[in-house]
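Next come the chains, spelled out residue by residue.
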Amino acid sequence: MKNELAKTYDSSLFEDSIYTKWEKSGFFNPDLSNLPDDAPSYTVILPPPNITAKLHIGHSAMLAIEDLMVRFHRQNGYRTLWVPGTDHAAIATQNMVEKKLMAETGKTRHDLGHEAFLREVDTFVENTQATILKQTRKMGASLDWSRLAFTLDDKRQKAVKRMFLDMHREGVIYRGERIVNWCPRCQSTLADDEVEHKEQKAKLYTFKYSADFPIAISTTRPETKLGDTGLAINPKDERYIKYIGEDIETDFCGLKLKIKVIGDRKVEMDFGTGALGVTPAHSALDWQMAEAENLTKIKVIDETGIIRDSFGEFSGLSTLEAREKIVDRLNADGLMIKEEEIENNLSCCYRCGSVIEPLPSLQWFISVDAPVARLNGRSMKEAALEAAKKKDIKFLPDRFEKRFVDWMENLYDWCISRQIWFGHSIPAWYRGDETYVGEFAPEGEGWIQDADTLDTWFSSGMWTFSTLGWPDTFENDIKSGDLARFHPTQVLETGYEILTLWVSRMVMMSMFALGEIPFEHVYLHGTILDAKGKKMSKSKGNGVDPLEVIEKYGADAVRLSLLMGATPGNDARYSEEKVESKRNFINKLWNISRFILADLKDEDLNQSLDITPTAKTLADRWILQELGTTRKTVDESIRNFEFAAAADSLHDFTWNKLADWYLEVAKIEKEKSPILIYILKNVLVMWHPFIPYVTEALWESFNDDILMMKQWPAAPEVTDGADFVIIQEAITGIRNARSENKIEPARKVKAVVVGNKAEFLVGQAALLCGLRTGVETIDLAEAAPSEAAIRVVLGETEIYLLGAVDPEKEKARLTKEKENLEKLIAGLSVRLQNQEFVSRAPAHILKVEQDKLARYQSELANINDALKA
RNA sequence: GGUCGUUUAGCUCAGCUGGUUAGAGCGCUGCAUUCACAUUGCAGAGGUCAGUGGUUCGAGUCCACUAACGACCACCA
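Source: prediction; values computed, not measured. (Residues numbered from 1 in each chain as written. Chains lettered and ligands numbered in written order. Predicted model: local features only at pLDDT ≥ 70, side-chain atom pairs only at ≥ 80, totals over all residues. Heavy atoms only, no water.)

> I'd like to hear about the overall build of chain A, residue by residue, with values.
Broken down by element type, chain A carries 27 helices and 30 strands. Counting only residues that meet the buried cut, chain A has 54% of its 869 residues in that class. Taking contacts inside chain A between residues at least 6 apart in sequence as the whole, the part at least 24 apart equals 74%. In the form shown here, chain A has an accessible surface area of approximately 40,200 Å², with 49% of it arising from carbon and sulfur atoms. (Helix = DSSP H or I, 4+ residues; strand = E, 2+ residues; numbered from the N terminus. Buried < 20%, exposed > 50% of the residue type's maximum accessible area, 1.4 Å probe, protein only. Contact = heavy atoms within 4.5 Å. Areas by Shrake-Rupley, 256 points an atom, 1.4 Å probe, with all protein chains shown as cover.)

What follows is the structure, given as structure tokens:
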């Protein structure tokens with residue numbers, strides 16, 4: 001015994017020093033693990049948290065799950081790598097700093113200028129990054145800090161540039177004019193999935209362009225009608241079908257419009273007048289129609305939300321002012337037919353909430369459909385879809401495969417340029433009408449680099465391989481170094497809300513760059529909600545700071561509370577009571593260890609691993625048997641990503657079996673069995689991935705090595721300990737009899753079934769019943785099987801612990817069981833004799849049913865034997 | 001409009017391919033406690049598994065429909 005253990009576990013005394021000990025050991029880095037060369041690798045890349053803010057409890061859940069997987073595999077002989085990092089989160093971060101700047105100095109980023117503003121951002125990034133990394137360590141995350149990455153550091157900048165150039169050369173990246181989601185406040189484009197839809201009331205105006213125009217149209221945005229070049233109707237619409245193909249010139253609010261009538265099935269006949277004014281430049285749907293019909297595209301609104309020149313009296317007005325003016329004029333001219341309130345979905349920026357203006361704009365795009373040589377001419381989209389459908393990438397829970405596939409199939413080209421300052425610069429250069437794509441500006445004067453930056457998902461999409469040395473570790477399609485050893489990674493663990501935003505992009509980028517999947521499994525966790533089931537958010541103020549809870553209850557308690565009661569893909573509620581109850585459990589484990597380790601002798605520590613011969617009593621064999629099944633369950637559950645089930649099983653073993661029964665028996669023994677220390681070691685090893693701090697703290701109190709690296713052989717297979725359960729039932733029976741005062745003077749209580757299992761000492765049974773005095777034993781050898789083996793005298797009370805099963809009771813129990821089994825067998829037989837079922841059922845189903853039948857029949861045979869005896 | 005999820009004890013949730021008496025934690029009730037642990041122990045109460053119908057020898061589990069709640073996607077010009 002090296003250290004005395006305190007009465008309760010105080011996490012604050014251990015966590016920091018233990019984390020330092022782990023880090024100093026170097027074993028977070030798999031290169032230092034002394035594993036044989038052929039050890040399988042196990043790689044997890046940490047989803048890099050945005051450096052916009054410190055971590056919240058949801059991140060803690062992510063870290064707990066990943067650290068569990070990582071520690072488990074590290075303890076089981078895998079070359080285990082978990083790569084840490086942070087994400088620069090371009091738009092989000094820039095917005096954050098702009099807001100801060102405005103609040104503190106009243107200045108905009110333009111007031112500061114490009115360089116000074118980026119310096120502000122850097123300072124902000126450094127601060128939050130430091131906080132995030134500190135929080136991550138506090139959680140006990142066993143990340144390889146030597147490989148720490150940032151999506152915007154030098155190595156990643158190099159990788160991103162290379163990727164851009166490769167994609168451009170291959171024709172996957174192109175520059176073109178497309179309608180994009182434009183945020184007038186951020187002054188930048190947004191990807192489709194960065195646009196949020198908010199429900200609101202809107203006015204739907206129905207009117208004619210002019211008095212002589214034959215068809216009325218409906219719109220919520222009359223100001224865009226200044227740019228109409230077409231009128232679309234459903235080709236099935238009898239009312240208007242005769243106009244299809246006509247070119248109509250008309251006068252709209254004093255401006256000339258040339259309108260071509262086209263047919264398009266996307267037009268809903270029931271909505272409005274069933275006719276749609278086509279505004280190619282300001283609606284994504286209209287743009288598509290215009291492309292198909294070769295309509296002119298007239299840009300009405302500029303990037304700041306102002307009506308452009310050459311629109312007469314409306315030029316220079318904001319969209320809202322122009323709308324008002326047009327509505328007034330339509331009313332005055334008697335062209336307005338109807339104004340009605342409708343429910344409408346407004347497109348808003350997911351970062352700042354401003355209304356999105358669809359605009360045509362010259363941007364960089366990734367074509368998801370372009371053929372890629374490395375993929376044998378398949379596109380990234382096709383390759384990604386195939387990986388999912390062929391289950392090269394497995395989703396957990398598997399329903400997310402469908403969501404992934406659906407989204408992928410409907411994917412359009414991805415706009416990757418953003419008009420913000422903070423982010424990866426674009427390796428493209430312009431001079432007049434010339435464009436050059438390359439790492440450096442070409443020779444000659446006057447070349448100016450593209451002022452835009454790349455979508456943040458471009459760099460995070462490369463995360464699985466940009467963190468493993470790509471492109472330096474990939475020459476001539478051959479992987480080397482980290483990339484060869486650790487890619488594809490085994491598991492991507494992340495929240496389901498970024499399945500499309502991030503996961504899909506990683507698959508495509510990896511397919512393009514390496515021609516292989518980025519990960520074998522995608523494990524998607526749910527969202528952590530507050531105790532009332534509401535989403536946590538800053539504005540609601542219901543967020544939880546992990547550091548505060550850790551300080552109060554310890555990191556292990558926080559981890560365990562997030563791991564237990566959470567299943568993949570489902571949201572989970574957080575409450576402090578849960579953390580508290582886990583803290584209590586951890587203290588229980590502490591005290592179990594304290595009891596076992598008290599007065600421990602050195603020779604007890606140097607026990608042989610083959611513990612089975614020291615199992616002398618029924619209780620010994622029972623606990624070893626339970627240990628064996630628990631280890632199996634825990635192992636299988638973790639490998640199947642059923643972490644809560646693994647924890648439940650361990651929890652049950654530790655508290656209900658080990659503490660409540662085996663330790664109680666052990667207290668009565670004169671000498672401590674070496675089995676105690678053996679069980680404790682197993683328990684600590686198994687718990688370590690869940691609650692690393694307390695287990696390591698306990699381990700170091702009686703071992704010289706480090707638990708984090710401890711591999712432990714499987715528990716011995718003991719199969720003859722189950723009868724101890726009968727004793728437990730009997731003891732419970734006596735306890736109940738006593739507590740209900742059913743034990744009257746001189747009354748005999750038949751309860752305990754010690755029987756021929758005499759090695760469980762009768763004195764122990766008595767003590768476990770809470771009977772401490774007046775124990776008188778009868779020699780078992782002399783007692784007939786159904787007679788008393790022990791007589792306990794408590795004052796006037798005599799209690800007999802019987803030497804055999806109560807034959808009546810046992811017979812009744814067996815008979816009941818027999819009846820049940822017979823019913824089951826009869827039912828199953830009916831099915832198996834059903835010709836239709838037998839001929840139709842697949843072979844494996846048939847086998848399962850047959851096995852089941854065989855199992856029931858053998859059980860029945862056992863019971864019949866027992867009944868005879 | 002489309003897709004998906006949830007509904008099991010007072011609360012939070014397990015329950016894998018249909019199979020013997022539906023589980024856990026918390027809470028509640030009663031009792032105990034100088035003994036590793038009151039961050040404790042023992043015992044107990046509490047469920048027609050949202051509803052209806054179907055498949056089956058057998059349904060919490062499979063199918064259909066209904067209801068409530070929730071998420072996501074698309075979009076109405």
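> Hey, could you go over the protein's contact with RNA strand B for me, with residue numbers and the actual values?
If you check the shell around RNA strand B, you find 45 residues, and the closest are T219, F271, N591, W655 and Y856. Take N584: an N or O atom from its side chain is 3.1 Å from a sugar or linking oxygen of RNA strand B. One of the side-chain N or O atoms of E664 is found 3.5 Å from a base nitrogen in RNA strand B. Counting residues per element, the ones that place at least two in the surface near RNA strand B are β8 (217-219), β13 (336-349), α10 (399-409), α17 (576-597), α20 (643-668), α23 (724-739), α25 (807-833) and α27 (843-868). For the surface near RNA strand B, the leading source of residues is α17, giving ten residues. In the surface near RNA strand B, the residues fall into ten nonpolar, 17 polar and 18 charged. (Near = heavy atom within 4 Å. Polar contact = N/O pair within 3.5 Å; in protein donor to acceptor, adjacent residues only side chain to side chain. Nonpolar A, V, L, I, M, F, W, Y, C, P; charged D, E, K, R; others polar.)

> Describe a positive patch on the surface, naming the residues involved and giving the relevant values.
A contiguous patch of positive charge, built from K532, K534, K535, K540, R573 and K578, is present on the exposed surface. Mapped onto the elements, K534 comes out in the loop between β26 (528-529) and α15 (546-553). (Patch = residues over 30% accessible without salt bridge, like charges linked within 9 Å, V, L, I, M, F, W, Y side chains within 5 Å. Salt bridge = Lys/Arg side-chain N within 4 Å of Asp/Glu carboxyl O. Lys, Arg positive; Asp, Glu negative; His and termini not counted. Charge placed at Lys NZ, Arg CZ, Asp CG, Glu CD.)

> Residue-level account of empty space enclosed by the protein, with values.
For the coordinates displayed, the defined rule picks out three cavities of 30 Å³ or more. Those elements giving two or more residues to the lining of the largest cavity turn out to be α2 (57-75), β25 (519-525), α16 (555-563) and α20. Residue composition of the lining of the largest cavity, by class: eleven nonpolar, four polar and no charged. Its boundaries defined by the atoms lining it, the second largest cavity holds a volume of some 90 Å³. (1 Å grid on protein atoms, 1.4 Å probe; cavity = no way out; pocket = protein on both sides within 12 Å on 5 of 7 lines; lining within 4 Å. Points joined across faces, edges and corners; volume = space filled by probe spheres on them.)

> Describe the side chain of K381, and please don't skip the residues or the numbers.
Within the secondary structure, K381 sits in helix α9 (residues 380-389). The exposure class of K381 is buried, given its relative accessible area of 12%.

> Describe the nonpolar core, listing the residues and the values that go with them.
One recurring pattern in soluble globular proteins: nonpolar side chains tend to sit buried together. In terms of nonpolar packing, the biggest core is built from 115 residues, with Y574, L658, I679, W687, F690 and I691 touching the most fellow members. The element that contributes the greatest number of residues to this core is α20, accounting for twelve residues. If we skip the residues at most four places from it in the chain, L658 touches I592, I623, F653, L663, I679 and V683. Judged by nonpolar contacts, the second largest core, of 67 residues, contains I426, L492, Y496 and M508. (Core = buried A, V, L, I, M, F, W, Y, C linked by side-chain atoms within 4.5 Å.)

> I'd like a description of the sheet that holds strand β5 (residues 173-183), backed by residues and values.
Hydrogen bonds along the backbone pair up the strands of a sheet, which may run parallel or antiparallel. Taking strand neighbours across the sheet as the criterion, the four strands line up as β6-β5-β14-β16 in an open arrangement whose pairing is antiparallel. If you trace the sheet from one side to the other, it starts and ends with β6 (188-190) and β16 (414-415), each paired once. The pairing of β5 with β6 spans three bridges and is antiparallel. Residue pairing for β6: C183 is matched across the bridge by S188. (Pairing = 2+ DSSP bridges.)

> Quick one: what's the story with the packing of helix α21 (residues 674-687) against helix α22 (residues 692-700), residue by residue and with numbers?
Orientation of α21 relative to α22, taken along the N-to-C sense of each, is 150°, at an axis distance of 9 Å. Between α21 and α22 the crossing geometry is left-handed. Facing α21, whose interface residues are K681, L684, V685 and W687, α22 presents T695, L698 and W699. Residues that form the contact of α21 with α22 fall into these classes: five nonpolar, one polar and one charged. (Axes fitted to C-alpha atoms, helices over the stretch in contact; angles between N-to-C directions. Left-handed = near helix turned anticlockwise from the far one by under 90°.)

> Give me the side chain of R147: which residues, what numbers.
Tracing the backbone shows R147 in the loop between α5 (114-138) and β4 (149-150). Take R147: its relative accessible area is 12%, and that puts it in the buried class. In terms of polar contacts, R147 uses its side chain to reach the side chain of N29, at 3.1 Å. The contact partners of R147, leaving out residues within four places of it in the chain, are N29, P30, D31, L81, V83, P84, D482 and F486.

> How would you summarise helix α8 (residues 319-332) if you had to cite specific residues and measurements?
Three or four residues apart is the spacing at which side chains of an α-helix point the same way, because the helix has 3.6 residues per turn. Taking 1.5 Å of rise per residue, the 14 residues of α8 would be expected to cover 20 Å, and the 20 Å separating its terminal C-alpha atoms lies within 8% of that figure. Here α8 has its buried residues at T319, A322, I326, V327 and L330. Down the axis of α8, the sector holding all buried residues measures 135°, keeping them to one side. Counted as exposed and oriented over 90 degrees from the buried face of α8: L320, E324, D328 and A332. Check the buried side of α8 and you find it contacts β7 (195-207), β10 (247-252), β13 and β14 (357-366). After α8 finishes, the residue G334 shows a positive phi value of roughly 70°. (Expected span 1.5 Å × (residues − 1). Arc of directions from axis to C-beta.)

> Describe the sheet that holds strand β19 (residues 434-437), listing the residues and the values that go with them.
Pairing is antiparallel in the open sheet, where three strands are placed in the order β19-β18-β20. Since the sheet does not close on itself, it has two edges, and those belong to β19 and β20 (448-449), each with one partner. Sheet topology note: the strand β18 (residues 428-431)/β19 ladder contains four bridges and is antiparallel. Among the inter-strand pairings, A428 is bridged to a residue of β19, identified as V437.

> Could you give an account of the pairing of β14, naming the residues involved and the relevant values?
Within β14, nine of the ten residues are buried, leaving the element largely enclosed by the surrounding structure. Direction of pairing for β5 relative to β14: antiparallel, over a ladder of ten bridges. Across the sheet, residue R175 finds its bridge partner in β14, namely W364. Examined bridge by bridge, β14 and β16 share two bridges and lie antiparallel to one another. Each bridged residue has a counterpart across the sheet, and for I366 the counterpart in β16 is W414.

> So what's going on with the packing of α2 against α16? Which residues, and what values?
Remark: α2 packs on α16, axes separated minimally by 9 Å, with the N-to-C direction vectors making an angle of 90°. What the angle tells us is that α2 and α16 run roughly perpendicular. Every residue of α16 that contacts α2 at I57, S60, A61, A64, I65, D67, L68 and R71 is listed here: V558, R559, L562 and L563. (Parallel < 35°, antiparallel > 145°, perpendicular 65-115°, else oblique.)

> How would you explain the pairing of strand β24 (residues 489-495) if you had to name every residue and give the values?
Counted residue by residue, β24 has seven buried out of seven residues, so it is predominantly covered. Here β24 pairs with β25 via six bridges, running parallel. Across the sheet, residue T494 finds its bridge partner in β25, namely L524. This β-α-β element, β24 to helix α14 (residues 499-514) to β25, shows right-handed connectivity. (Right-handed = clockwise from strand over helix to strand, strands pointing away.)

> Tell me about unusual backbone geometry, residues and numbers included.
A cis amide bond links L396 with the next residue in sequence, P397, at an omega value of -5°. On the secondary structure map, P397 appears in the loop between β15 (394-396) and α10. Here the residue pair W470 and P471 is connected by a cis peptide bond, since its omega of 10° sits within 30 degrees of zero. Within the secondary structure, P471 is located in the loop between α12 (463-466) and β22 (474-475). The backbone phi angle of C253 is positive, close to 50°, even though this residue is not glycine. Structurally, C253 is set in the loop between β10 and β11 (255-263). We classify C253 as buried; its relative accessible area is 7%. Positive phi outside glycine occurs at N476, with the angle close to 50°. Of note, N476 is situated in the loop between β22 and β23 (478-479).

> Can you break down the confidence of the model for chain A residue by residue, with the values?
Here chain A averages 86 in pLDDT, while 89% of its residues score no lower than 70. Counting contacts from residues 743-763, a segment whose pLDDT is below 50, to residues more than four positions away or on other chains yields 63 contacts. Here residues 772-798 scores under 50 on pLDDT; set against residues more than four positions off or in separate chains, the count is 64 contacts. (pLDDT = per-residue confidence, 0-100.)

> So what about the pattern of salt bridges? Which residues, and what values?
Summed over all chains, the structure comprises 49 salt bridges. The partner of K299 in a salt bridge is E303, and the shortest N-O contact between them spans 2.9 Å.

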